Structure formats: C-alpha cells, structure tokens
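Descriptive analysis of the structure
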Amino acid sequence: MIWAKAEGCRVWDVDGREYLDLTGGFGVAVLGHGNPKVAEAMANAPVVHALGDLAEAEVTGRLRDALPWPAKFGVTGEDAVEIALRTALLATGRQGIIAFEGAYHGTGLLALAATGMERFRVPFTAWLPGPVHRRAFGEDPGPLPEDVAAVIVEPVQGRAGARVPPDDFLPTLRRRCDEAGALLIVDAIFTGLGRLGELWPGSDVADVLCIGKALGGGLPLSAALFVRADLEQVWDLGDEDVYTHTHSGNPLACAAALVVLEEVPKLLPRVAESSQRFEAAGWHGAGLLRTKGGDSAHALRRGVLVIPIPAAEQGHALIQAAPPFTMSDEELDEVFDRLT
C-alpha cells in the first residue's frame, strides 16, 4: 500500500481508497495527520536548519525550556536509547545491561543488543555490544549482576503486543538499581506524551527517560531526558559533542514539538475516554496502545490500518492500535464495525 494523502484520522492510497488509521503512523500522529497547528508552526519557523551541536536555533532552546528536565536531542527513538545507555556507561564505568524478553528499543547495534526480539537481533549477534542479561518482563529480576550499568525497560511493551506489567514492577526495578548503583532507563518512546494517558510514564522512577515518536508532531525528533539532572554532566567530555547528528534539535521538528507539548495535555481526558471504548470492545493493553487477536490483511481489506504483531511474539497473530488522540467516537464506532 502507498499513501497518497493523510488528514486527521484517515488516509488515502494512490488509488483513492480511504482508510481509517489505527496506526497513527506508528504512534507518531497523536494530533492527527496534517494537524493545522503543527503545519502553521513549521511554516512560520524562521530557521529550518541549524548546525547540530555547533549552533542551535532559538526554537530548539525554547523546546529545552519547555521540557521538564534537561534533554539531549536525537533524531530517532533509537538515538534516545543510545544516549541513555551511553550515559549509563559514562556514569558507572560498567558495560552490563539488564533488558527484558519482548523488549523493543531500536535496530542500531547498541539498542538492538537490548532488544528482546530475536528476529531483529539474531542476524547481527556477532557485532552486538554487551553483556546483556535478559530477564522476564514484569518479574523481579533479582539482585543485579556486578557488571550492570543500567536496567532499560518499557512502561508497557509496545511491539510485543501492548504487554502491561504489574503495578509494582517499575518500583521494584528502581529498588534493584539503587541496591546496585545502576541507572534505570525508561524507554517511553512509544508510550510517552499521552499514549498511556499521562505525559511522562515512568518518570517517577527513571534516571533517564527516553521519548520520541509523538514528540516531533510527525517530524523525526527524540530526546533523552535526564530526570536525574546531574547525569547531563557526564557528557562534558570536551569542546566537541561526542554524540551528535546533523539534524539534532532540528528547528522544524522543535517547532512542531512545542505544539505537541501544548496540545497533548488538553487531550488526556479524550485519551481516557477512547481507552475505555477500546477496553469495552475487547482490546487489551493500556491507554491508546491496544491489541486484540486478528489479521492485519483482513483489517486492510475492511479499510482499517492496524499494526501487525506477528504470531512469534504471542503465539498467535494480533493487530495493534496506536491511533491519533483526536479520533472521534463516530470514527471509533466505524472502526469497530468494520473489524467485526
């Protein structure tokens, strides 16, 4: 399928067929496709490209000020994970990582090492960093090995099928990290900025919080947020930033992000309402990250875009929803009707 047009919660393919979009562009379009406020912010941006770490645009500085903790910006969600894990190495001098079965943190080599999905990881095993100690998601990992620099965890596992851990899971990880002097990295790239009904899931226990996807309002932007603010200083390694990209803190993406930070809090009640409707319709998960048994090809034939979860992850195929927060009751009713 090739998209030709996207607006609100609907997309059209090159043949003119309309689809209701439950993917939200893989969780990116929380304000809907083609949001006019995002478009206006980008159109009015006086600088469209800065100089990476050499010279930031004014709007990038405004985004820093709008975030609740110091930030190091990336382009992709994997960048934020990479920054967070490197922060742990710099802060502790250790190399070990605790990660979880079913986790997805990205496909760059360091993030891939922490990823629990073998279909992504196994072809590149020979090049992966580590050691990585893998544990069962949702269970107490026990005392951490002496080499562990960080535990990395998703508040709800996205790619594994919207798996929700017990309420005491993240506090238990916080306790284990405190016992071992390790960092707790919360990967809220898929789940953050309202997807679970709150802006910063896991921030009450995290040392570093990774956000992305929704942050750029449709443009590539991510950030590692130093909830433990002193961790920002471990990157003071000289005059030149040793982790940077040409597009780090891109002004257009930062302008869009300021709109996201302003608009998403207003939509949190709507997220709660829509979440209840998904729950009542038999979708499992949390907030607006939901799954149920189904066939993505069947959904496509019925005019609904969903995220496929392969049978390898759960033992049977699932379809996943990560829709825009702006999806109306009428659109949800239409989706549920089409999928019956």
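As shown above, the structure is provided for reference.
About the thresholds
- Residues numbered from 1 in each chain as written.
- Predicted model: local features only at pLDDT ≥ 70, side-chain atom pairs only at ≥ 80, totals over all residues.
- Heavy atoms only, no water.
- Helix = DSSP H or I, 4+ residues; strand = E, 2+ residues; numbered from the N terminus.
- Rg over C-alpha atoms; globule rule 2.2 N^0.38 Å.
- Buried < 20%, exposed > 50% of the residue type's maximum accessible area, 1.4 Å probe, protein only.
- Contact = heavy atoms within 4.5 Å.
- Salt bridge = Lys/Arg side-chain N within 4 Å of Asp/Glu carboxyl O.
- Phe/Tyr/Trp six-rings, centres within 6.5 Å; stacked < 30°, edge-to-face > 60°.
- Lys NZ or Arg CZ within 6 Å of the ring centre and 35° of its normal.
- Pairing = 2+ DSSP bridges.
- Axes fitted to C-alpha atoms, helices over the stretch in contact; angles between N-to-C directions.

1. Quick notes on the overall build of the protein chain
Per the secondary structure count, the protein chain includes 11 helices and 15 strands. Relative to the compact-globule value of 20 Å for 340 residues, the protein chain shows a C-alpha radius of gyration of 20 Å, a close match. The principal-axis extent of the C-alpha atoms belonging to the protein chain is close to 55 × 50 × 35 Å. Counting every position in the protein chain, which comprises 340 residues, the buried fraction comes to 54%. Taking the intrachain contacts of the protein chain between residues at least 6 apart in sequence as the baseline, contacts between residues at least 24 apart amount to 70%.

2. Quick word on the side chain of R176
Following the sequence through the fold, R176 ends up in helix 7 (residues 169–180). Beyond its immediate chain neighbours, meaning those up to four positions away, R176 contacts D140, P141, G142, P143 and L144.

3. Let's talk about the pattern of salt bridges
Tallying each qualifying case throughout the model produces 21 salt bridges. E279 is paired through a salt bridge with R290; the nearest N and O atoms lie 2.5 Å apart. Remark: R290 occurs in strand 12 (residues 289–293) and E279 occurs in helix 8 (residues 251–280); sequence separation between them is 11 residues. Accessibility expressed as a relative area gives 45% for E279, which makes it partly exposed. With a closest N to O distance of 2.5 Å, E334 and R338 form a salt bridge. Of this pair, E334 and R338 are both found in helix 11 (residues 329–339), 4 residues apart, which corresponds to roughly one turn of the helix. A network of salt bridges, in which partner residues are shared, links R10, E18, E331, E334 and R338.

4. Let's talk about the packing of aromatic side chains
Think of a pair of aromatic rings as described by two things: how far the centres are apart, and how the planes are tilted against each other in angle. In the structure shown here, the tally under the stated rule is 9 aromatic pairs. Seen from their ring centres, F278 and F336 are 5.3 Å apart, and the 90° between their planes marks the pair as edge-to-face. Of the two residues, F278 is situated in helix 8 and F336 in helix 11; the sequence distance between them amounts to 58 residues. Using a relative accessible area of 1% as the deciding quantity, one classes F278 as buried. Classification of F336 by relative accessible area gives buried; the value is 16%. In textbook terms, an aromatic cluster arises when at least three aromatic residues are bridged by ring pairs, as seen for F100, F137 and F169. Taking the ring centre of W235 as reference, the NZ or CZ of K72 above it sits at 4.9 Å.

5. Focus on the sheet that holds strand 11 (residues 284–286)
With antiparallel pairing, 4 strands are arranged side by side in an open sheet as 11-12-15-14. Of all the strands in the sheet, just strand 11 and strand 14 (307–309) have a single pairing partner and so form its edges. Pairs of neighbouring strands in the sheet enclose a mean axial angle of 20°, with direction left out of account. Across 3 bridges, the pairing between strand 14 and strand 15 (residues 318–321) is antiparallel.

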